[in-house]
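Single-letter residue listing:
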Amino acid sequence: MIREFRTWLVAGLLVIVMPAVPLAGSEEIPRLTFAQLVDSIRADSGVTENIKSYNGKEVAIQGFIVPAGPPDLSFFLLSRVSALGNYCCEAPVGQDETVYVFTVKEVNITYDPLRIFKIVGVFEAGMRADATNGPSLFRVRNARVEEALGAKIFKTEEFPAPGSKP
Amino acid sequence: MTILTVALKYLRGRLVASTLTAVSIALGVSLVVASVLLAGGIKEGFIAGATDYNLVVGAKGSPTQLVLSVVFRMDLATPNIEYTAYRDLQQDPRVETAVPIAVGDAYRGFRYVATNSAYFAAFPWRRKTFALAAGKFFADDPPSDPTYEALLGAEAARSTGLQIGDRFYEGEEMAEYPLTVVGILRPTHSADDRAIFFSLPSYWGMNEVARGMAVKPLTAVLIRPKRMSDLPSLHRALNVAPETQAVLPSGVLLTIFNMMAVAEDVLKMILAIVGAIVLLYVFVSMYSATMERRREIATMRALGARRATVLGIVLAESAALAAAGGLGGIVGGHAVAYLARSLLGSSGLVTNPFLFDVLEPAVLAGVILLGTVAGLLPAVLAYRTEVAENLAPLS
């Protein structure tokens, strides 16, 4: 009787703990920033070996979605700045700060051009051209789209006021 | 006799009540199936009909109106821009292909779309292909010598009955400038099936105001950039310019999908209420049937039927009703979607009412399960029927 109870207890705990295992793994996915991508660019659209070391690996990148492809978002651009805010805040970026994102299936998100999304997928760096989407420097394939959590909230004393001298 | 045969005999015994219950289940299920099919179909129609071009440039105004009028022909045209905007974009080093579009007027509701041969050209990046069912494409004629040749979309040709060589116009003022049908396109399953295409010089020639203009008017320019990463800068530059706006058509459609999602949430709530009402109806129907049959059940028990058998018979009745209603509902839902397609077809949206969703077997299983659950309490009542109490003399 006790043995049976133990078996059920262990099985129950496994059921509770198992879903948490992949979640713990997903936290280990390296996050690349647009600053890292820009720093990696060398002459003639070359990229550093350091950034190439992420090729074929799953990475996370955060940015604004530019729906450049079909409306099912099977292909879109991920940009450091929002493409659709005409008057705020920075000039549009080019090839160096744009990631070409390919998803396996239709993406179902509440699209907001002014919201940052997190893209997780297999990274590729290096100039490549394809017939459908033209040349690209950075790509993420088999991507999934997640809502990005906001940036850390700073206390006023932790963060200098805009324009103030350090 | 098996439990199922007895249950079916009972259902046949009260045919009218059983049929009404099954029909009410079928109506509820068909409402759910039709709603899901149509909501999905409208979205698919928008996705399938979306342009292969990445940017639509037009006059300042509503981005949604620009995309709906130029891509889906579902709204009035936005104000004109100058033809020079197209020339400038053609020479922009970031632009691979620019296609001018002028829309306005219609023949029997089928919109006139003036453009040039680039609109129909095959590019490696294009999903959509244009092929002729008959005749030829219209000529890229010079502005001084418009040919007034028309190319009909498949649906426009079918509905109007126009054939190669036919001349047509709509409105008295157009009688001097009739169009001649030179070609008919194969179906593209997009809004282009409902369009009548001809050249820009023909469009300007037909329009009294445009005839006198030194710089000719356009409604929009479709843009394909050389590099996708140039889209944001093109978009920004054209929007900051005082006379034009640039729109990412997929961005507009995603905003429409966001609005549709809100409507879908409301619809889901309504469907959940409908489902609850249907379940309640099944429960009431089975409950009253069980109460009416207490004497019969007691007789069965007296003749040796076990309590579990009685329970099984009532549950089998509920399940059979739910199965019949569920199947009827799925067929009915597709039929409603088929009827609605003809209505949506006139707005340029395409849906496929025959598309069988993989979730439909799950819907049927769910309906049977819920129907059985609705019959659970009446079944328990039948299970607990006391023989002595219910076989007592009636008078």
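Residues numbered from 1 in each chain as written. Chains lettered and ligands numbered in written order. Predicted model: local features only at pLDDT ≥ 70, side-chain atom pairs only at ≥ 80, totals over all residues. Heavy atoms only, no water.

Let's talk about the packing of helix α3 (residues 63-70) of chain B against helix α9 (residues 249-292) of chain B
Residues and elements named next belong to chain B. Where α3 meets α9, the closest approach of the two axes is 10 Å, and the angle between their N-to-C directions is 105 degrees. Considering the angle they form, α3 stands roughly perpendicular to α9. On α9, the residues touching Pro63, Thr64, Val67 and Leu68 of α3 are Pro249, Val252 and Ile256. Taken together, the residues that form the contact of α3 with α9 break down as six nonpolar, one polar and no charged. (Axes fitted to C-alpha atoms, helices over the stretch in contact; angles between N-to-C directions. Helix = DSSP H or I, 4+ residues; strand = E, 2+ residues; numbered from the N terminus. Parallel < 35°, antiparallel > 145°, perpendicular 65-115°, else oblique. Contact = heavy atoms within 4.5 Å. Nonpolar A, V, L, I, M, F, W, Y, C, P; charged D, E, K, R; others polar.)

Focus: the pattern of salt bridges
Overall, the coordinates contain 20 salt bridges over all chains when judged by the stated rule. Between Lys118 of chain A and Glu146 of chain A there is a salt bridge, with its nearest N and O atoms 3.8 Å apart. Of this pair, Lys118 of chain A sits in strand β7 (residues 116-130) while Glu146 of chain A is found in strand β8 (residues 134-147), placing the two residues 28 residues apart along the sequence. By relative accessible area, which is 29% here, Glu146 of chain A ends up partly exposed. A salt bridge links Lys128 of chain B to Asp192 of chain B; the shortest N-O distance between them is 2.8 Å. Highlighted residues: Lys128 of chain B in the loop between β4 (110-115) and β5 (132-135) and Asp192 of chain B in the loop between β8 (179-185) and β9 (195-199), separated in sequence by 64 residues. For Asp192 of chain B, a relative accessible area of 3% puts it in the buried group. Salt bridges sharing common partners tie together Glu58, Lys118, Arg144 and Glu146 of chain A. (Salt bridge = Lys/Arg side-chain N within 4 Å of Asp/Glu carboxyl O. Buried < 20%, exposed > 50% of the residue type's maximum accessible area, 1.4 Å probe, protein only.)

Quick notes on the domain arrangement of chain B
Split into domains, chain B comes out as domain 1 (3-46 + 256-390) and domain 2 (55-247). Between the C-alpha centres of domain 1 of chain B and domain 2 of chain B there is a distance of 50 Å. (Domains from an automatic or database assignment.)

Observations regarding the packing of aromatic side chains
All names here are of chain B. The tally for this structure, following the rule as stated, stands at 20 aromatic pairs over all chains. Ring geometry for Tyr119 and Phe197: centres 5.4 Å apart, planes at 45 degrees, overall tilted. Placement of Tyr119 in the loop between β4 and β5 and of Phe197 in strand β9 is noted, with a sequence separation of 78 residues between them. Here the aromatic cluster, defined as three or more aromatic residues joined through ring pairs, consists of Tyr119, Phe120, Phe130, Phe137, Phe138 and Phe197. Just above the ring of Phe257 sits the side chain of Lys43; from NZ or CZ to the centre is 5.3 Å. Its end group placed over the ring of Tyr383, Arg307 keeps NZ or CZ at 5.7 Å from the ring centre. (Phe/Tyr/Trp six-rings, centres within 6.5 Å; stacked < 30°, edge-to-face > 60°. Lys NZ or Arg CZ within 6 Å of the ring centre and 35° of its normal.)

A short note on the packing of α9 of chain B against helix α12 (residues 360-374) of chain B
All names here are of chain B. In the contact formed by α9 and α12, the axes pass within 8 Å of each other and the chain directions differ by 45 degrees. In terms of their interaxial angle, α9 and α12 are classed as oblique. In terms of crossing hand, the pair formed by α9 and α12 is right-handed. Contact with α9, carried on its side by Leu279, Val282 and Phe283, involves Leu370, Gly371 and Ala374 of α12 and no other residues of that element. By residue class, the composition of the contact of α9 with α12 is five nonpolar, one polar and no charged. (Left-handed = near helix turned anticlockwise from the far one by under 90°.)

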